[in-house]
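# Report on the structure
If you want the building blocks of each chain, they are given just below.
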Amino acid sequence: MNKKDYLKMSKEEKRFAREKYYKTESGKINKGRFSRLLLCGILSIIYALFLIVDGIIKKSSFWVYIFAAFIIVFGIVFLVGRHKILIRNMNSFLKKNK
């Protein structure tokens, strides 16, 4: 199987494959992890945007903007890492269960 098989699937096939994966034992464990990574990534980006807006309103020092940039980077790393791990796990699941 090609490494990008999960990405080539249609939307309904992806949904069906994810449902089957989440019914497995490792899928049940990873579903909680994926949810936490998604939540942490989104909340960190929202918090960083709040810091930037607050810094503009209060005319804070440039350190606030640097700190917000680091938080945005970490949020993006969480989201991208979650996506890559999800694709890797789904491809290995699809290989095993053709």
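Residues numbered from 1 in each chain as written. Predicted model: local features only at pLDDT ≥ 70, side-chain atom pairs only at ≥ 80, totals over all residues. Heavy atoms only, no water.

Our focus in this paragraph is the packing of helix α2 (residues 11–22) against helix α4 (residues 62–96). A pair of packed helices is captured by two measures, namely the crossing angle of their axes and the spacing between those axes. It is the contact of α2 with α4, at a shortest axis distance of 11 Å, that shows an interaxial angle of 85°. As the angle between them shows, α2 and α4 are arranged roughly perpendicular. When α2 is examined against α4, the residues Ala17, Arg18, Lys20, Tyr21 and Tyr22 are found in contact with a partner set consisting of Leu86, Asn89, Met90, Phe93 and Leu94. A per-class count over the contact of α2 with α4 returns 7 nonpolar, 1 polar and 2 charged. (Axes fitted to C-alpha atoms, helices over the stretch in contact; angles between N-to-C directions. Helix = DSSP H or I, 4+ residues; strand = E, 2+ residues; numbered from the N terminus. Parallel < 35°, antiparallel > 145°, perpendicular 65-115°, else oblique. Contact = heavy atoms within 4.5 Å. Nonpolar A, V, L, I, M, F, W, Y, C, P; charged D, E, K, R; others polar.)

Across its 35 residues, α4 extends 51 Å between first and last C-alpha, which sits within 8% of the 51 Å expected from 1.5 Å per residue. Of the residues making up α4, those classed as buried are Ala68, Ile71, Gly75, Arg82, Leu86, Ile87, Asn89, Met90, Asn91, Phe93 and Leu94. Residues of α4 that are buried make contact with α1 (5–8), α2 and α3 (25–58). (Expected span 1.5 Å × (residues − 1). Buried < 20%, exposed > 50% of the residue type's maximum accessible area, 1.4 Å probe, protein only.)

Time to look at the packing of aromatic side chains. A complete count under the given rule lists 4 aromatic pairs for this structure. An aromatic cluster is present here, built from Tyr21, Tyr22 and Phe93 joined pairwise through their rings. (Phe/Tyr/Trp six-rings, centres within 6.5 Å; stacked < 30°, edge-to-face > 60°.)

The share of residues in the chain with pLDDT of 70 or more is 96%, and the mean pLDDT across the chain is 89. Across the chain, the secondary-structure element scoring lowest on mean pLDDT is α1, at 80, and the one scoring highest is α3, at 93. (pLDDT = per-residue confidence, 0-100.)

The next subject is a nonpolar patch on the surface. A cluster of nonpolar side chains, Ile56, Phe62, Trp63, Tyr65, Ile66, Phe70, Phe74 and Phe78, forms an exposed patch at the surface whose accessible area comes to about 860 Å². Considering every element that reaches the nonpolar patch, the biggest residue donor is α4, with 7 residues. Within the secondary structure layout, Tyr65 lies in helix α4. (Patch = residues over 30% accessible without salt bridge, like charges linked within 9 Å, V, L, I, M, F, W, Y side chains within 5 Å. Areas by Shrake-Rupley, 256 points an atom, 1.4 Å probe, with all protein chains shown as cover. Salt bridge = Lys/Arg side-chain N within 4 Å of Asp/Glu carboxyl O.)

Right, let's talk about the side chain of Asn30 for a bit. Secondary-structure assignment places Asn30 in helix α3. Beyond its immediate sequence surroundings of up to four residues, Asn30 is in contact with Tyr21 and Asn89.

Membership of the largest hydrophobic core is limited to 10 residues, which are Tyr6, Ala17, Tyr21, Tyr22, Phe34, Leu86, Ile87, Met90, Phe93 and Leu94. Among the elements that line this core, the one with the most residues is α4, at 5 residues. Dropping the residues within four chain positions of it, Leu86 is found in contact with Tyr22 and Phe34. (Core = buried A, V, L, I, M, F, W, Y, C linked by side-chain atoms within 4.5 Å.)

One pass over the structure, following the stated rule, counts 2 salt bridges. Arg15 is the salt-bridge partner of Glu19, the closest N and O atoms lying 3.2 Å from each other. Here Glu19 pairs with Arg15, and both are found in helix α2, just 4 residues apart, close to one helical turn. You can call Glu19 partly exposed: its relative accessible area is 40%. You can call Arg15 partly exposed: its relative accessible area is 43%. Residue Asp54 pairs with Lys58 through a salt bridge whose shortest N-O separation is 3.8 Å.

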